[in-house]
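Architecture and fold: a report
The chain contents come next:
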Amino acid sequence: MRQAGRHFLQIPGPSAVPDRILKAIGQQTIDHRGPDFAAVGQKALEGMKTIFKTKQHVFIFPSSGTGAWEAALVNTMSPGDKVLMFETGHFATLWNKMARKIGLEPEFLEGDWRGGAEPDRIEARLREDTNHEIKAVCVVHNETSTGSVSPIADVRKAIDAAGHPALLMVDSISGLASVDFRFDEWGVDVCVSGSQKGLMLPPGLSFNAVSDKALEYAKSTTMPRSYWDWHDMVGPNATGYFPYTPGTNLLYGLNEAIDMLHEEGLDNVFARHARHGAATRAAVRAWGLEVLCARQGEESGVLTAVLVPHGHSADAFRATTLKHYDISLGNGLSKVADKVFRIGHLGDFNDLMLMATLSGVEMGLAKAGIPHNAGGAQAAMEHLKHTTEERFAAE
Ligand SMILES: *Cc1c(COP(=O)(O)O)cnc(C)c1O
């Protein structure tokens, strides 16, 4: 049966695509080797540098974020290389599995899924590695399975404090354009991202931001690679072209997204996400439920993962909420499957959309018989009423 009104896609990616971007994507596909394409390609490549905050290199692939993970590894590594990864959650675990699958030797620093990566433990491990066998440190910026943010600048400091030459590789697939990220200032060597989270696009584009150091280093590595080879991109990219067919229509959308982010101002975008995260946590506290991220200051503005009380099913709750209120919430992944649900509050999102989302969650909790206190949506509203968005000058 038809459900009236708009569906609420409140999973932490894909996020809802704004009309402006849908319209841009709906333009006619052009010849990607013809004269008109150069401006599209150049704007996308240069524009993404302003989002990553880098003056170094950006590569764009027609793939999901997983492809850009692989690109980061196969360009910088040789078979059997050691990489140090930190278990922030499900996505860190998947990246770790990929590293093993393609023939690397990843070492996984165990985590409890309740916070970001811990720089002091990374530093301690690197200090032990006196022969410099570890070639890269890989960390997830915004762990989408748990709703925690890793302190990337501090991970860089930890690597430097250990006097270790390892590259710093960061997955900011769900952090970029939602949570503060500064590629050059923080000394990141490779950042992996994707189109369908903070960038507000449909799935299908992925990114590598790459430092001069990593690009140069990639000339000496021997991992087999073809589709993902950065050095095949460099030549055509210089004039706005790609070595194979790019995702032309998604690039139209990307250029619109870059404009939208700068019209609002990136600092305003980050403040908006942080404020919505805080309001959501106020709701969770009022419900008497627990936020999965347990480390203060590391909570994500992108999503909030909420633990359901012992003996209750988060998935049954999500199914009830979808059925009755037409809202999709994120599921718990692997270790926390059926134990948490995730509220996405990212992308093209405002106060009233958050209020509708939290109302849907609260009505769903009641409908599904999850023990909770009423008044969560009210608590979020109080937070929104009493905090105004800080306004930074647009760019
Ligand atoms: C979404 C996501 C991925 C996976 O990206 P796909 O586009 O699904 O391949 C990896 N890491 C993080 C942190 C993500 O949020």
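About the cut-offs
Residues take numbers from 1 onward in each chain, read along the sequence in its written order. pLDDT decides what is reported in this predicted model: residues at 70 or higher carry local features, side-chain atom pairs at 80 or more are listed and counted, and totals for whole chains, interfaces and linings draw on all residues regardless. Values shown for side chains rest on all heavy atoms present in the structure; no hydrogens or waters enter the calculation. For helices the rule is a DSSP run of H or I covering at least 4 residues; for strands it is a run of E covering at least 2, with both sets numbered from the N terminus onward. Distance and chemistry together define a polar contact, namely a pair of N or O atoms within 3.5 Å, with one atom able to donate a hydrogen and the other to accept it when in protein, and with adjacent residues in sequence counting only for side-chain atoms on both sides. The rule is simple: take the accessible area with a 1.4 Å probe, protein chains only, and divide by the maximum for that residue type; under 20% is buried, over 50% is exposed, in between is partly exposed. What makes two strands pair is DSSP finding at least two bridges between them. By the criterion used throughout, a crossover qualifies as right-handed when its path from the first strand across the helix to the second strand runs clockwise, the strands pointing away from the viewer. Each salt bridge in this description consists of a side-chain nitrogen of Lys or Arg and a carboxyl oxygen of Asp or Glu lying within 4 Å of one another. Angular values range over 0 to 180 degrees, each being the angle between N-to-C directions of two axes fitted as lines to C-alpha atoms, with helices fitted over their stretch in contact. Two helices crossing with the near one rotated counterclockwise from the far one by less than a right angle form a left-handed crossing, whereas a clockwise rotation gives a right-handed crossing. Note on contacts: a residue pair qualifies if any of its non-hydrogen atoms lie within 4.5 Å across the two residues. Residue type decides the class: Asp, Glu, Lys and Arg count as charged, Ala, Val, Leu, Ile, Met, Phe, Trp, Tyr, Cys and Pro as nonpolar, and the leftover types, Gly among them, as polar. The split into domains, and so the bounds of each, comes from an automatic or database assignment of domains. Accessible area, probed at 1.4 Å, shrinks when two parts are joined; the buried area is that loss added up over both. UniProt positions are given in the numbering used here, feature names are shortened, and annotations may be inferred rather than shown by experiment.

Right, let's get into the side chain of H90. Mapped onto the fold, H90 is located in helix 4 (residues 90–101). At 3.2 Å, the side chain of H90 and the side chain of S334 are in polar contact.

This paragraph deals with the pairing of strand 3 (residues 82–86). Counting buried positions along strand 3 gives four out of five residues, so the element sits mostly inside the fold. Strand direction decides the pairing type here: strand 3 and strand 4 (residues 105–109), joined by five bridges, are parallel. Within strand 4, the position partnered with F86 by the bridge is L109. A crossover links strand 3 with its parallel partner strand 4, the connecting element being helix 4, and its sense is right-handed.

Charged atoms that come close allow side chains of opposite charge to pair. Within the structure shown, the criterion is met by 25 salt bridges. Two residues, E118 and R121, come together in a salt bridge whose shortest N-O distance is 3.5 Å. A salt bridge links K219 to E216; the nearest nitrogen and oxygen atoms lie 3.1 Å apart. One salt-bridge network, in which partners are shared between bridges, spans D112, E118, R121, R295 and E298.

On to the packing of helix 10 (residues 266–287) against helix 13 (residues 376–386), then. Here helix 10 crosses helix 13 at 145°, and the two axes come no closer than 7 Å. As helix 10 packs across helix 13, the resulting crossing turns out to be right-handed. Along its contact with helix 10, which presents R275, H276, A278, A279, A282, A283, A286 and W287, the element helix 13 presents G376, A377, A379, A380, H383 and L384. Residues of the contact of helix 10 with helix 13, tallied by class, amount to ten nonpolar, three polar and one charged.

Along its sequence, the chain is organised into domain 1 (8–15 + 265–394) and domain 2 (19–262). Using C-alpha coordinates to define each centre, domain 1 is positioned 27 Å away from domain 2. With 32 residues of domain 1 at the contact, the number on the domain 2 side is 34 residues. Of the roughly 2600 Å² buried between domain 1 and domain 2 on both sides combined, carbon and sulfur atoms contribute 56%. Among the residues of domain 1 in contact with domain 2, L266, F270 and R295 are the three that bury the most area, contributing 22% of the side total. Along the contact surface separating domain 1 from domain 2 lie four salt bridges. A salt bridge links R295 to D112; its shortest N-O distance comes to 3.9 Å.

Glancing now at the UniProt feature "modified residue: N6-(pyridoxal phosphate)lysine" (unreviewed entry) in the chain. The feature "modified residue: N6-(pyridoxal phosphate)lysine" (unreviewed entry), as given by UniProt, occupies K197 in the numbering adopted here. Relative to the helices and strands, K197 resides in the loop between strand 9 (190–194) and strand 10 (206–210). Using a relative accessible area of 9% as the deciding quantity, one classes K197 as buried. In this structure K197 touches P12, G13, S15, I173, S174, L346 and G347, once residues within four positions along its chain are discounted.

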